Amino acid sequence: TEVDINRNRLDPIDGVNYELGLKSEFMDDRVNTTVAIFQTEQQNVAEAAGTLPGTTDNYYRAIDGLQSEGVELELVGDVTDRIQLFVGYAYVNIEDSDGDAAKSSVPEHLAQLRATWTVPGVDGLEVGSEVRWQSTITQDQGVATTGPNVGATIITEQESYAVVDLMASYDFARDWNATLNVNNVTDEKYLESLKKFGTSAQGFYGAPANASLTVSWVY
């Protein structure tokens, strides 16, 4: 859907993906693990290159030779009769045709840990927690043309961060359930994405601490 400076539509992305995976079951099939390695090669990837003259619309250029490789690991299942666990990790390295790092706004490392626990002695009560972590991301915003940093390359950076969520669910009557979700309990302030569109840059903050209570009836 993107166009170049002459408003000609770019050719579609062309590429190939290789993936090799292994799935395993443990503890009488109660716990499952997955390991996967992958490599992707892409041509004609659209990259913002500027703003069309007289407009605020961006134009793009096609980049050849982007290559990414990485690994994904997952563990999920009932580790005990009352505890369900999910552990996930992903690593990806993206390089251009010269072998240099590319797409630095995409985190190299992502990790997630989620657990739920059925509380003994209280029928219908379940509590849980989730931790999501990602490594540092950066975005090259170009060279400053005004201000005290004229001539300097401006790099926007979001350091690595973790977000913690909590949950409690209770079946308090027949066919009735109440679920409380508290997200980002530490009120972590972070930019969840860094983008550049031609000469413009955008960053989007993640949601601050928030909570929701849901009461549902199943019939």
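To keep things clear, this report deals only with the structure shown in the data block. Being a predicted model, the structure only gives us computed values, none of them experimental.

As a further point, take the overall build of the protein. When helices and strands are tallied, the protein shows zero helices and 15 strands. Radius of gyration (C-alpha) of the protein: 23 Å, far over the 17 Å computed for a compact globule of 219 residues. Taken along the three principal axes of its C-alpha coordinates, the protein extends 65 × 40 × 35 Å. Buried positions account for 24% of the 219 residues belonging to the protein. In the protein, the proportion of contacts linking residues at least 24 apart, taken out of those at least 6 apart, comes to 52%. By element, 52% of the accessible surface of the protein is carried by carbon and sulfur atoms, the whole surface being about 14300 Å². Seen as two clouds, the 13 positive and the 34 negative side-chain charges of the protein have centres 6 Å apart.

A few words now on a nonpolar patch on the surface. Together, Val122, Tyr170, Phe172, Trp176, Leu180, Leu213, Val215, Trp217 and Tyr219 make up a nonpolar patch on the protein surface, roughly 980 Å² of accessible area in all. Mapped by element, the contributors of at least two residues to the nonpolar patch are strand E11 (161-173), strand E12 (176-183) and strand E15 (210-217). If you tally residues by element for the nonpolar patch, the top one is E15, at three residues. For tryptophan 217, the location among the structural elements is in strand E15.

Let us look at the side chain of asparagine 177. With respect to the helices, strands and loops of the structure, asparagine 177 is situated in strand E12. At 3.4 Å, the side chain of asparagine 177 and the backbone oxygen of tyrosine 170 are in polar contact. The residues touching asparagine 177, leaving out its near neighbours within four places in the chain, are Ser169, Tyr170, Asp171, Phe172, Thr214, Val215 and Ser216.

Moving on, we come to the side chain of threonine 179. Positionally, threonine 179 belongs in strand E12. Note on threonine 179: relative accessible area 16%, which makes it buried. Looking at threonine 179, its side chain comes within polar contact range of the side chain of asparagine 177, at 2.7 Å. Every residue in contact with threonine 179, bar those within four places of it in the chain, is listed here: Met167, Ala168, Ser169, Ser212, Leu213 and Thr214.

Looking now at the sheet that holds strand E8 (residues 125-134). Across the sheet, nine strands lie side by side as E1-E2-E5-E6-E7-E8-E11-E12-E15; this open sheet has antiparallel pairing. Each having just a single partner strand, strand E1 (14-26) and E15 make up the two edges of the open sheet. Neighbour to neighbour, the strand axes of the sheet diverge by 10 degrees on average, direction disregarded. Sheet topology note: the E8/E11 ladder contains 10 bridges and is antiparallel. Paired with leucine 125 across the strands is tyrosine 170, a residue of E11.

Turning our eyes to something else, we now look at the pairing of strand E7 (residues 109-118). Strand residues, when the strand is regular, have side chains that alternate between the two faces of the sheet. With nine bridges joining them, strand E6 (residues 83-95) and E7 adopt antiparallel strand pairing. In the sheet register, tyrosine 91 faces E7, and the bridge partner there is histidine 109. Bridging between E7 and E8 involves nine bridges; their strand directions are antiparallel. When the sheet's bridge partners are listed, alanine 111 is paired in E8 with tryptophan 133. The turn linking E7 back onto E8 is made up of six residues, and glycine 121 within it adopts a positive phi angle of 85 degrees.

Evaluated as defined, the whole model comprises five salt bridges. The shortest N-O distance in the salt bridge between arginine 30 and aspartate 81 comes to 3.4 Å. With arginine 30 in the loop between E1 and strand E2 (31-43) and aspartate 81 in the loop between strand E5 (66-78) and E6, the pair connects residues that are 51 residues apart, well separated along the chain. Relative accessible area serves as the criterion here: at 74%, aspartate 81 is assigned to the exposed category. In this structure, aspartate 165 engages arginine 132 in a salt bridge whose closest nitrogen and oxygen atoms are separated by 2.9 Å. Taken as a pair, aspartate 165 in strand E11 and arginine 132 in strand E8 lie far apart in primary sequence, 33 residues in all. Taking the relative accessible area as the measure of exposure, arginine 132 reaches 33% and is therefore partly exposed.

About the criteria used
Every chain's residues receive numbers from 1 upward, in the order its sequence appears when written. Only residues with pLDDT of at least 70 are given local features in this predicted model, and only at 80 or more are side-chain atom pairs given and counted; all residues enter the totals for whole chains, interfaces and linings. For the side-chain quantities, the full set of heavy atoms in the structure was used; hydrogens and water were omitted. Per the convention used, a helix needs a DSSP run of H or I reaching at least four residues, while a strand needs a run of E reaching at least two, with both numbered from the N terminus. The globule rule is 2.2 Å times the number of residues to the power 0.38, and the radius of gyration it is compared with is taken over C-alpha atoms. Three exposure classes are used, based on accessible area relative to the maximum for each residue type with a 1.4 Å probe and protein chains only: buried under 20%, partly exposed in between, and exposed over 50%. Throughout, a residue-residue contact means that at least one pair of heavy atoms, one from each residue, lies within 4.5 Å. Throughout, the Shrake-Rupley method with a 1.4 Å probe supplies accessible areas, and for residues the shown protein chains are the sole cover considered. Counted as positive: Lys and Arg. Counted as negative: Asp and Glu, with His and the chain ends omitted from the count. The atoms used to mark charge sites are NZ of Lys, CZ of Arg, CG of Asp and CD of Glu. Residues enter patches when they are more than 30% accessible in relative terms and free of salt bridges; like-charged ones are connected within 9 Å and nonpolar ones (Val, Leu, Ile, Met, Phe, Trp, Tyr) within 5 Å. The term salt bridge refers to a pairing of a side-chain nitrogen on Lys or Arg with a carboxyl oxygen on Asp or Glu at a separation within 4 Å. What qualifies as a polar contact is a pair of N or O atoms within 3.5 Å, subject to a donor-acceptor requirement within protein and to the restriction that residues adjacent in sequence count only when both atoms come from side chains. By definition, two strands form a pair when at least two bridges between them are found by DSSP. Interaxial angles span 0 to 180 degrees and are taken between N-to-C directions of axes, which are lines fitted to C-alpha atoms, for helices over the stretch in contact.

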